[in-house]
Structures are given as structure tokens and as C-alpha cells.
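Read off the chains here:
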Amino acid sequence: VDRTETRRPRLEALRRRLRAEPTVRPSDFSTSKSKTTKPEKRNDDSEQSLSQLMEQLESLPLPQEPLVDRFGRQHSYLRISLSERCNLRCLYCMPEDGVPLQPSENLLTNEEIVQLATWFHQQGVNKIRLTGGEPLLRKDLVDLVAELNQLHSLEQIGMTTNGVTLSKHLPDLVDAGLTHVNISLDSLDADKFARLTRRPPAYHDRVMEAIEDCAKYLPHRTKVNCVVMPDNVDELEAFSEMTRYLPVDIRFIEYMPFNENQWQTDGFVSYQQMQEQIQGLERIGDGPNDTTKWWRLTGGGETLGRIGFITSMSEHFCGTCNRLRITADGQLKVCLFGKTEVSLRDLMRQGGSTEMLQKVIHYSVQRKHFKLGGHKDMVDLQAHSSENRPMTLIGG
């Protein structure tokens, strides 16, 4: 059986479902300061159109704190996906046969991205990260970074990339205002890299070059992200040794279940199991709203970088979450693991006012679950993974 024929109808069906919008519940909509509440039990959300949502929100007062949710979490970090396309096919991110791509006119323009970023910045967002797919595939990326850099008092403009084409663009991006870079790399071995990414081993050299270039252009503002699986768990110590001679941080990420990404419990490597692979770790402090548990290597002299663990599955950090996501096609996702979305693109293109934008975003933030998109644990996430997008369509 042709695997493409069996997978694409499922992904096309997912695409159609993701266009639908959640039903408004006015009782969830608060216009005063949000009060911290206890985590809620999960219930299924019904769906309706954006126009119905706007109609029901029209008569409600303008929210005073649109980015504060029911649990008192202030959202100050916005992740914006710039592309659904990617030049790799990483096992944990994208189905082997790729994903159905939308026409370019369905994706947000630079003008729309800047419009949204400006509104979020005015409401307290001080950190923006550009993601994908692969953001470097967007031809007008340097111009977009320069426009975002005009938002005064924005503390960070970061980018998450696979690094394959980063080196040739890095000087211009830094000049335009890029402040931080995260590079995804899951193996120090070129052949293993090729198996994990389903792309030629020669790409590995380009990524290693990009890491070294970032260490020069953005020292102590570069992170290397490694998703840990049974195939690469034996490399964690070698990855960690990079912090001795490069001013970059290495982060090890627990493998998370997403649509069509082959996740299974016997392939999961936990935070504790990762630590057992690295000798001489010493705990150091974490920052506010940090997703990372930070350590450093001891012995052998001073280290230039840190070692971090992102423990989304074994020890989630949802209680201090301050992140929101906008997909490349303009959908607001308040949680990486949640299925509920609302189209900010359609709202803007239909001529929605700034006041309505504020109400719709606040409504969405108010419906954010306390943890894991309303799921109990990683097994429950896997059971419902077909309800969410593949990682590449969310924005890494």
C-alpha cells in the first residue's frame, strides 16, 4: 500500500478540522483581573465559525488584561511560525511523506505579522521567537526581523532553525536585529543525522558550521536543541562537552507525542535517564518562566556554556507558562499540545477592529488549560495526537 495515499487523506481531514473555531462560553470570559483558579478537568470543546464567535463577543466589555489567563499566568512570550515548509524531515517533527502545504496566500504576510506583533507587544509581550517549518526558507526574513526590531523595548527577537542555511544569512540577520538563535541538532554523527532527518549527511557539516558561526556572532545567546531518543542517547556526554569550548548552551529535550511522529513509550528517554548519561553535572539556577532545568559541567576547568533539560513529559512546567503561538497560517494556539485554535488571519482580513482582536485573543487565552492542553500525561497526549497538527505545522 502506498503510504502517501494512506496518510494524506488523514492530514487533509486534520487541515479541514483545524479551520474550525471553538464555541464561546461567556462564563469563561473575564473582563476584570484574572483570578487564579485550580486546574480544571478536561472536557471536549465543540466548534463553530469565527463569525459566530465575534458576534457573541461583540456585546462584551473590552478585557482589561487580555493576556492573563484563568490561572493568573501573564503571557509575555510570542512564538510566530513563518513557514510550513522545511528542508529536513526529522522523525519527531514531520511525517516521512511531508505535510499538505497551503497556498502562499493563506499564510500571514510580513505586514500582518508586524501588525499582530505590535498588538501583542503593546499588551506586554517582550520576547518574540520566529519559528517554522524552517524560517530561513522565508525570502523576506531579514526585512521582517528589521521591522520587528522597530518595536522599542522588545527584549528579544529569537529564531529557531535547523541551521542548514543559517551561516550565509546570519550576519544580515544580526545586523537587522536578531538577538538569539536556537539550532536543532540531534546527532554529532553525520550518518546518524541523515537517518534522523531523512536528508543527506552533507547537511550535517552545514549545521556544525552554523553553530560555530553563532558562537562568534551571538555568544551566550545561542542554544543547541537536541531531542533525545534511543538512537542518540549515547551522545549526550559528547554534546555536553561542547560547552567547554563554545559559548553556547546545549539543551536536551524529551521526545513529545505529535501527529504522525512515531512517538511510543518504549522510545521515551526521561530527564532522569538523560542525567545518568552525563558525568559531573552541577545544578545552577533557572530563570523566571524558564522551560529549562539548567546544569553545568564540573571538573576540567571553566565551561563557557550551560547544559539544560526540557522535561515537558516527565516534569512539566505548565504552571509558569507564558507562551502563545501563532501558526504560519495565522491561527492562535494558546498551548503547544492543545487542539483549539482561532484564526487571527481571518479576523484581520475580514476587517475586524483592534477591539475585537483584543476580545478574541483574550477569550482564547481564558480557555487555556492548566497543563498539557487538557491532557493527563504523555500517554493521553499520544492517544489524542491525531487531533493536533504535526509539529512542523505548529511551529517548533
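Just above sits the structure.
Description of the structure in this document. Just so you know, these numbers come straight off a predicted model, no measurement behind them.

1. Here's the deal with the overall build of the protein
Stage number 1. Scanning the protein for helices and strands turns up 13 helices and 14 strands.
Stage number 2. If you take every contact in the protein between residues at least 6 apart in sequence, the share linking residues at least 24 apart comes to 77%.

2. Topic: the packing of aromatic side chains
Stage number 1. Inspection of the entire model under this criterion finds five aromatic pairs.
Stage number 2. Here the aromatic rings of W119 and F120 are separated by 5.0 Å at their centres, their planes lie at 90°, and the arrangement is edge-to-face.
Stage number 3. You can call W119 buried: its relative accessible area is 4%.
Stage number 4. Centroid distance F239 to F252: 6.2 Å. Interplanar angle 85°. Geometry classified as edge-to-face.

3. What to know about the sheet that holds strand 6 (residues 180–184)
Stage number 1. Here twelve strands make up an open sheet; going across it, the order is 9-10-11-8-7-6-5-4-3-12-13-14 and the pairing mixed. Edge positions in the open sheet fall to strand 9 (281–283) and strand 14 (342–343), since each of these has one partner strand only.
Stage number 2. In this structure, strand 5 (residues 156–161) lies alongside strand 6, joined through four bridges in parallel fashion. Counted as the bridge partner of T161 is I183 from strand 6.
Stage number 3. Packed onto the sheet, helix 7 (residues 202–217) meets strand 6 and strand 7 (222–228) and runs at close to 155° relative to strand 6.

4. So, the environment of L130
Stage number 1. Inspection of the secondary structure puts L130 in strand 4 (residues 127–131).
Stage number 2. Setting aside residues no more than four positions away along its own chain, L130 makes contact with I80, L82, P135, L141, V145, L148, G158, M159 and T160.

5. Quick look at unusual backbone geometry
Stage number 1. Even without being glycine, R198 reaches a positive phi, approximately 55°.
Stage number 2. Within the secondary structure, R198 sits in the loop between helix 6 (190–197) and helix 7.

6. Considering the pattern of salt bridges
Stage number 1. In total, this model carries twelve salt bridges according to the counting rule given.
Stage number 2. A salt bridge links E112 to R349; the shortest N-O distance between them is 2.8 Å. Note that E112 is positioned in helix 3 (residues 110–122) and R349 in helix 10 (residues 344–349), a separation of 237 residues in sequence.
Stage number 3. The partner of K192 in a salt bridge is D234, with the nearest N and O atoms 3.4 Å apart. Of this pair, K192 sits in helix 6 while D234 sits in the loop between strand 7 and helix 8 (236–245), placing them 42 residues apart in sequence.
Stage number 4. Given the relative accessible area of 11%, K192 is considered buried.

7. Describing the nonpolar core
Stage number 1. Counting 105 residues, the largest nonpolar core has F120, I128, L166, F252 and L344 as its most contacted members.
Stage number 2. In contact with L166, other than residues within four places in its own chain, are L136, M159, T161, L173, V181, I183, A210 and C214.

8. Here's the deal with helix 8
Stage number 1. Buried within helix 8 we find L236, F239, S240, M242 and T243. In an axial view of helix 8, the angular spread of the buried residues amounts to 135°, which keeps them on one side of the axis.

9. A few points about helix 6
Along an α-helix, residues three or four positions apart point the same way, because every turn accommodates 3.6 residues.
Stage number 1. For helix 6, the set of buried residues is K192, F193, A194, L196 and T197.
Stage number 2. In this structure, the buried residues of helix 6 make contact with helix 7.
Stage number 3. Note on helix 6: the residue one or two positions beyond its end, R198, has a positive phi of about 55°.

10. Description of the pairing of strand 4
Stage number 1. Burial analysis of strand 4 places four of its five residues in the buried class, which makes it a mostly covered element.
Stage number 2. Where strand 4 meets strand 5, four bridges bridge the pair, whose relative direction is parallel. Paired with R129 across the bridge in strand 5 is G158.
Stage number 3. Each parallel crossover has a hand, and the one from strand 4 via helix 4 (residues 141–148) to strand 5 is right-handed.

11. Quick look at the packing of helix 5 (residues 166–176) against helix 7
Stage number 1. Here helix 5 crosses helix 7 at 20°, and the two axes come no closer than 9 Å. With respect to their mutual orientation, helix 5 and helix 7 come out roughly parallel. Helix 7 is crossed by helix 5, and the crossing has right-handed handedness. Packed against helix 5, whose contacting residues are L166, S167, L170, P171 and V174, the element helix 7 presents E209, A210, D213, C214 and Y217 at the interface.
Stage number 2. Residue classes in the contact of helix 5 with helix 7 are distributed as seven nonpolar, one polar and two charged.

12. Re the packing of helix 4 against helix 5
Stage number 1. Remark: helix 4 packs on helix 5, axes separated minimally by 8 Å, with the N-to-C direction vectors making an angle of 20°. Considering their axes alone, helix 4 and helix 5 lie roughly parallel with respect to each other. Pair helix 4 / helix 5 crosses with right-handed handedness. Residue-level inspection shows L141, V142, V145 and A146 of helix 4 in contact with helix 5, the latter providing D172, L173 and A176.
Stage number 2. Here the contact of helix 4 with helix 5 is built from residues that sort into six nonpolar, no polar and one charged.

13. Description of the environment of N87
Stage number 1. With respect to the secondary-structure elements, N87 resides in the loop between strand 3 (77–81) and helix 3.
Stage number 2. You can call N87 buried: its relative accessible area is 17%.
Stage number 3. Measuring from C-alpha to C-alpha, the distance between N87 and V164 comes to 8.2 Å, with 77 residues separating the pair along the chain.
Stage number 4. Setting aside anything within four residues of it in sequence, one finds N87 in contact with E134, L137, N162, V164, T165, R199 and Y203.
Stage number 5. A distance of 2.7 Å separates the side chain of N87 from the side chain of N162, its partner in a polar contact.

About the criteria used
The residue numbers shown here count from 1 along each chain, following its written sequence. Restriction of local features to residues with pLDDT of at least 70 applies here, the model being predicted, together with a cutoff of 80 or more for giving and counting side-chain atom pairs; totals for whole chains, interfaces and linings are based on all residues. Hydrogen atoms and water are omitted, and side-chain values are computed over all heavy atoms in the structure. Only DSSP runs of H or I with at least four residues qualify as helices, and only runs of E with at least two residues qualify as strands; both kinds are numbered from the N terminus onward. For this analysis, residues touch if any pair of their heavy atoms sits within 4.5 Å. To pair, rings of Phe, Tyr and Trp, with the six-membered ring standing in for Trp, must have centres within 6.5 Å; the planes then decide the type, stacked if under 30 degrees apart, edge-to-face if over 60, and tilted in the middle. Only protein chains enter the accessibility calculation, which uses a 1.4 Å probe; a residue is then buried when its area is under 20% of its type maximum, exposed when over 50%, and partly exposed in between. We call two strands paired when DSSP finds no fewer than two bridges between them. For helices, the fitted axis covers only the stretch in contact; all axes are lines through C-alpha atoms, and the angles between them, taken along N-to-C directions, range from 0 to 180 degrees. Just to be clear on terms, a salt bridge is a Lys or Arg side-chain nitrogen sitting within 4 Å of an Asp or Glu carboxyl oxygen. The term nonpolar core refers to a set of buried residues drawn from Ala, Val, Leu, Ile, Met, Phe, Trp, Tyr and Cys, joined through side-chain atoms within 4.5 Å. Note that the arc is defined by the directions from the helix axis to the C-beta atoms. When the strands point away from the viewer and the path from the first strand over the helix to the second turns clockwise, the crossover is right-handed. Here the angle decides the label: under 35 degrees means roughly parallel, over 145 means roughly antiparallel, 65 to 115 means roughly perpendicular, and every other value means oblique. Each crossing is labelled by how the near helix is turned from the far one, with a counterclockwise turn of less than a right angle marking it left-handed and a clockwise turn marking it right-handed. Each residue gets one of three labels, nonpolar for Ala, Val, Leu, Ile, Met, Phe, Trp, Tyr, Cys and Pro, charged for Asp, Glu, Lys and Arg, and polar for the others, Gly among them. Definition of a polar contact: a pair of N or O atoms within 3.5 Å, with one able to donate and the other able to accept a hydrogen when the atoms are protein atoms, and with sequence-neighbouring residues admitted only if both atoms are side-chain atoms.

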